[in-house]
Amino acid sequence: MPTKNNNDTSHDIWHQHHLNGHLPPEVDHEGNIEYKLKLVDPSAERMEHLITQMKWRLAEGRGEALYELGVSDDGTLTGLSAIDMEATLATVRRMAQELNAEVSIRRDMAVGDQRVIEARIRQRGYDNSSNGRMHHTDLRVVVIGDTGTGKSTLIGHLSHGIKDTGHGTARISLLRHPHEMETGHTSSIVHEMLGYTLDGQLVNMASDQVDAWEHICAASAKVMTLLDTCGHKRYLRTTISAMMGYAPDYAMLVVPATLGSQAMSTMANEHGSLALMLDVPLMVVVTKIDIASNDQINKCLLALDDHLTWLQDRLGHDAPRFPRVVQNVAAARTTARSMMQSQTIPILLVSNVTGKNMDHVHAFLHALDKPTRTMNRDLLEDPVEFHVEQVYQLEDTGTVIGGVLRRGHLQLQPLNDEKTNDHSYALGPNSQGDFIRVKIVSIHRHRMNMHDVHCGQTASLALQLPSNVANNVTNSASSAQPSRPSSSTSTASSVSSSSSVSVVDSWGKIKKGMVLLAIPPVNVNDDGKKVPRAPRNAVYSPPPPTTLAFEAQLLLLPPTAPDARHAADKNTSPVPTPVMRAGLCGMLRSGFIRQQARIVQLNVAADEERPQPPQGDTAMVPTAYTAQIRLLGNPEFLAVGNQFIFMESALKCLGRITKLVEQVNGKWVQ
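The present account deals with the structure reproduced in this document. Just so it is clear, the model here is predicted, and its values are computed rather than measured.

**Considerations on the packing of aromatic side chains**
Then comes step 1: Tallied over the entire structure, the rule returns three aromatic pairs.
Then comes step 2: A ring pair is formed by Tyr246 and Phe592, whose centres lie 5.3 Å apart and whose planes are at 85°; its orientation type is edge-to-face. Taken as a pair, Tyr246 in the loop between α7 (236-245) and β9 (250-256) and Phe592 in the loop between β26 (585-590) and β27 (593-604) lie far apart in primary sequence, 346 residues in all. Across the pair, exposure class does not vary: Tyr246 and Phe592 are buried alike.
Then comes step 3: Plain terms: the ring middles of Phe550 and Phe644 are 5.5 Å apart, the flat faces sit at 65° to each other, and that makes the pair edge-to-face. Note that Phe550 is positioned in strand β25 (residues 546-556) and Phe644 in strand β29 (residues 643-648), a separation of 94 residues in sequence.
Then comes step 4: Among the residues examined, Phe550 registers a relative accessible area of 0% and is labelled buried.
Then comes step 5: On the accessibility criterion, Phe644 (1% relative accessible area) is buried.
Then comes step 6: When the ring centre of Trp213 is taken as reference, the NZ or CZ atom of Arg447 above it lies at 3.8 Å.

**Considerations on the pattern of salt bridges**
Where charged atoms of side chains with opposite charge meet at close range, the side chains can pair.
Then comes step 1: Under the definition given, this model contains 20 salt bridges.
Then comes step 2: Notably, a salt bridge pairs Glu118 with Arg106, separated by 2.5 Å at the nearest N-O pair. Highlighted residues: Glu118 in strand β4 (residues 114-123) and Arg106 in strand β3 (residues 101-111), separated in sequence by twelve residues. Each member of the pair Glu118 and Arg106 is classed as buried.
Then comes step 3: Residues Lys511 and Glu636 are paired through a salt bridge, measuring 3.9 Å at the closest nitrogen-oxygen approach. You can see Lys511 sitting in strand β23 (residues 508-511) and its partner Glu636 sitting in the loop between β28 (623-631) and β29, a full 125 residues away along the chain.

**Here we look at α7**
Then comes step 1: With respect to burial, α7 is a largely interior element, eight of its ten residues being buried.
Then comes step 2: Those residues of α7 that fall on the buried side of the exposure criterion are Leu236, Thr239, Ile240, Ser241, Ala242, Met243, Met244 and Gly245.
Then comes step 3: Residues of α7 that are buried sit in contact with β5 (137-144), α8 (266-277), β14 (398-407), β26 and β29.
Then comes step 4: Residue Ala247 follows α7 closely and has a positive phi angle near 45°.

Conventions we followed
- Residues numbered from 1 in each chain as written.
- Predicted model: local features only at pLDDT ≥ 70, side-chain atom pairs only at ≥ 80, totals over all residues.
- Heavy atoms only, no water.
- Phe/Tyr/Trp six-rings, centres within 6.5 Å; stacked < 30°, edge-to-face > 60°.
- Helix = DSSP H or I, 4+ residues; strand = E, 2+ residues; numbered from the N terminus.
- Buried < 20%, exposed > 50% of the residue type's maximum accessible area, 1.4 Å probe, protein only.
- Lys NZ or Arg CZ within 6 Å of the ring centre and 35° of its normal.
- Salt bridge = Lys/Arg side-chain N within 4 Å of Asp/Glu carboxyl O.
- Contact = heavy atoms within 4.5 Å.

What follows is the structure in structure tokens.
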């Protein structure tokens, strides 16, 4: 059944140390982690080998490597004396200096009278050997919470350095539509950026000599994209789309201290529940502490503890996380570094008006690590799979798609390369399961031209469509509400934005939820081996089948409103449990896919698949089902293991695909 996945933390070597007292054996052939017992006065030949080894580890970690000093190859924490450790660190710093990298101490622990240190090595700026690709840690944090809690104001303060006046002035730079200016309600997903140097210095739009995102990226060792979501219930589906499609590394729930015991409103519970359902690590920021009384702040913290514990109970989490208030900068750093291993939901208290405790937030964000679940090297080596979130028609460029690269490594193709096929990528599927061949003309990321994109990164791709299709492209967004291009899209003098752009009647529309795939050639040479780069006359295997129906495990969640727990105490009618049945239709969301679907078959899951009830609260137990679900529209690109949310009115289910039942075999369209 789809419950919280605790396997992510098992990949962290120090989590294993906490369990059994030693690290796992070193992996020589892959990864960015290196064990070194001692590096004292190496010879010139040895030094050259060590520098080459560090360069390889940095490449494996995309500009970042971890060196475990005082650790044997088998994972034993042997430790070094203070003198030997200083000499070893000096050697590591010399190696890093040769590679234009910086060294910082990430962990320092005592083993008897010896020391073990974990050193982080990060590449500075650009690496000339990698075609100008920037090396920095890149994190996405989705900011969630009810309307009026100060989400946009907080992001404005963090990314632009603007203190609020108490009347929402700090959020003005984030609002994009007239109705947002009038109501103060965000209705679209807004991207903002800030960065940190290796020593924790803030780099944002208020910094000296910073006028664009490019400057933030160039000056930062860690770059953080903040996604401002919609708090009003009218725009809940937009927030769900951002949470599922952009695959954020962390979620920041914002609540106001002024509401006291009512701080966790229905929408705050909805958003928090969504983050926990999708297993996104959660932190909480309590705003407006400058105008809240001590009594209100205490009641707010009690409400957070109560509601967050309750939310995890209703999801059947086996290892719930417990809210913990961060009291100072040192605690912020420690809590952030251990967030993926500890059972903690950090709570930070701030004021957007006075700036009180903002140093706690910056220290926390700077210390956050990339979750191990998003750094799987296998994903980088998989075939390209780019998921489309938005489609644009630019006057001077043509069709542009924005979204997230979920798998693989996407590179810019040469414009006039006669040795390769013009269209080695394809976009789809349409209503028939077909994919149309395209060529990537340019890549923009963080509003900059780039040569490539790695899995987990957002980007915008300008596409060159086949000549017989490009002449038929028309903009179908004229009747739609114009929306701001996503943060990864280049600036243009004329932009039309829509969730779909009409291409040609015989093929269909390029729309949100589609995927861009690499076309795998099956040509073989005289030795019977596959040709790595396809010539123009290459023969290609057919497209992957797309899906109309699938089997899944479903988890029906109890009503979100926590008052349902205390209905008996208040002598009120309990919140009715939504009725699950075969034939029920609802909205299915998976990634950027949004489509009506019907439950064709439904069975209660076997006892061993059901979640264990929370102690003393059997009314809050989610119900597990096995189901067959059929899409009511076009076939979609789905895979076993994909998560989805099925919603109909007050009913909400979290699901995971277990088997693809009815599939459509399409073709490549020239």
